[in-house]
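Structure at a glance
These are the residues of each chain, in order.
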Amino acid sequence: MQYRDQTLYLEDVPLADIAKRHGTPCYVYTSASILGKFQAYEQAFGSVPHQICYAAKANGNLAILKLLAEAGAGFDIVSGGELFRVLKAGGDPAKVIFSGVGKTAAELDYALEQNIRGFNCESEPELALIDSLAARRGVKARIALRVNPDVDASTHPYISTGLRKHKFGIDISEAESVYGRARTFQNLVPEGVSCHIGSQILDIQPMLEVFDKMVALAVRLRAQSLPIRSLDLGGGLGVPYHKGETAPPIADYIHAMCQKVAGHELEILIEPGRSIVAEAGLLVTRVLYRKTNGKKEFVIVDAAMNDLIRPALYHSHHHIVPLRQTDADKIVADVVGPICETGDFLAREREMPNVFPGDLLAICTAGAYGFVAASNYNARPRPPEILVEGDRHRVIRKRETYEDLIRGE
Ligand code: LLP
């Protein structure tokens, strides 16, 4: 993303052209950035045995899944719907792992039918269910236990997952005895250990601590003759949302990870989502109105919390830039949408250029957990998604219509 002649471009496409042609609000992604991040992971692993399982929940558009599948990615899924999407996009089931604390029998059976690589299991009843479903199909299910290492990821409390008080995983102190019981099931092959301690992690130190614990656990399990061959070290690497914020480089993170696992003959699996797609996406919106209440300035735009819920839900910061660079005065304003809730804001008390009705803005770093969490609240059709490739762009999801809103009712 860069300004040329004061006009904001994504790769070689002026964003204003996209807005004019496809309307606002709209999500726009750059394929070069997505592939670049994926390759950064791939290259950092080098010859170390690994599988990158992109977390489809971060952005599950078919075109993006296809882009990654063609680049060789596997996928981390958390529902039958995500498996369906991944398969439709040409994803290889042999590279799919199924995570999640509440998988249903129907979802598990669908995944067994598709012969996915494996299941990251989070409770003993889940193990028993998979065993019985696998028996019925006459297959063996490859499983890992998702271990809860009781480590604080120092991120937003809603997206921190690795403490004992969280619903996720099997307590690390229980793990060995649960593996002991898992091996007694006839139709399960306990071949991995997995963990995921949270998302938007900017300090990798807690993760490195966890990796030590995971390696030690894998070594102990092998000593008990369990056939452990892979270590899934989760997703979670953060991205800079604030101007000036820095995230650990992908290469540094992966090199540190590989060092921890070196010498143990374990294949490393990872499940990154955000760090692959967040920075590749923008939500383009148009200013509808300006309003001043007392001293407070409001910029009312046509995107809202139904399109991008992150600011409302996590008070997350997204940098906002004008599509046409200006040297206008700065204002301090709340950028708000049309939804009838005070929580409907995209930015609060934000210093930004003085903008006017009709002006276009880009809400940055919106490629992850953006469209996927969009809703039809206030009967607002969801925005289109557009993929930029060099000097071309194409609609990879149409804007919803009013008819779409009532489909199924
Ligand atoms: N694996 C598991 C088991 C996960 O639960 C998650 C994210 C990931 C991988 C991918 O993590 P990532 O690399 O993207 O950090 N909606 C929130 C984020 C929720 C993350 C949930 N789990 C947000 O907008 O910040």
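Structure shown above.
First things first, this report covers the structure right here in the doc. Owing to the predicted nature of the structure, the values given are computational and were not obtained by experimental measurement.

What counts and what doesn't
The numbers attached to residues start from 1 for each chain and follow its sequence in the written order. pLDDT decides what is reported in this predicted model: residues at 70 or higher carry local features, side-chain atom pairs at 80 or more are listed and counted, and totals for whole chains, interfaces and linings draw on all residues regardless. Here the side-chain values reflect all heavy atoms present in the structure, with hydrogen atoms and water set aside. What makes two strands pair is DSSP finding at least two bridges between them. To qualify as a helix, a DSSP run of H or I must reach at least 4 residues; to qualify as a strand, a run of E must reach at least 2; elements of each kind are numbered from the N terminus. Throughout, the protein atoms alone are placed on a 1 Å grid, and a set of points is a cavity if a 1.4 Å probe fits but cannot get out or a pocket if it is open with protein on both sides within 12 Å along at least five of seven lines; lining residues have an atom within 4 Å of a point. Grid points are joined across faces, edges and corners, and a volume is the space filled by probe spheres set on the points. For this classification, the nonpolar set comprises Ala, Val, Leu, Ile, Met, Phe, Trp, Tyr, Cys and Pro, the charged set comprises Asp, Glu, Lys and Arg, and every other residue, Gly included, is treated as polar. Domain start and stop positions are those given by an automatic or database domain assignment. When a carboxyl oxygen of Asp or Glu is within 4 Å of a side-chain nitrogen of Lys or Arg, the pair counts as a salt bridge. For every residue, the accessible area obtained with a 1.4 Å probe (protein chains only) is divided by the maximum for its type, and the residue is called buried under 20%, exposed over 50%, and partly exposed between those limits.

1. Side note on the sheet that holds strand E2 (residues 7–10)
The sheet built from 3 strands is open, its strands ordered E1-E2-E3 with antiparallel pairing. At either margin of the open sheet sits one strand with a lone partner, and together these are strand E1 (2–4) and strand E3 (13–14).

2. Side note on the layout of surface pockets
By volume, the largest pocket is sized at about 620 Å³. Taken together, 32 residues form the lining of the largest pocket, with Lys57, Thr161, Phe168, His196 and Tyr369 sitting closest to its centre. Among the elements of the structure, helix H10 (274–277) and helix H11 (310–314) are those that each provide at least two residues to the lining of the largest pocket. Classifying every residue of the lining of the largest pocket by side-chain character gives 11 nonpolar, 13 polar and 8 charged. Both domain 1 (2–29 + 278–399) and domain 2 (99–272) contribute no fewer than three residues apiece to the lining of the largest pocket.

3. Observations regarding the pattern of salt bridges
This structure, assessed with the given rule, holds 21 salt bridges. For Glu126, the salt bridge goes to Lys103, with nearest N and O atoms at 2.6 Å. One end of the pair, Glu126, is in helix H6 (residues 124–137); the other, Lys103, is in the loop between strand E7 (96–98) and helix H5 (105–113), with 23 residues separating them in the sequence. Accessibility assignment for this pair places Glu126 and Lys103 in one class, buried. Where Arg397 meets Glu400, a salt bridge forms, and the shortest distance between an N and an O atom there is 3.6 Å. Among the residues examined, Arg397 registers a relative accessible area of 23% and is labelled partly exposed. Glu400 gets classed as buried once you look at its relative accessible area, which sits at 12%. One network of salt bridges, in which partners are shared, links Arg117, Glu191, Arg229 and Glu267.

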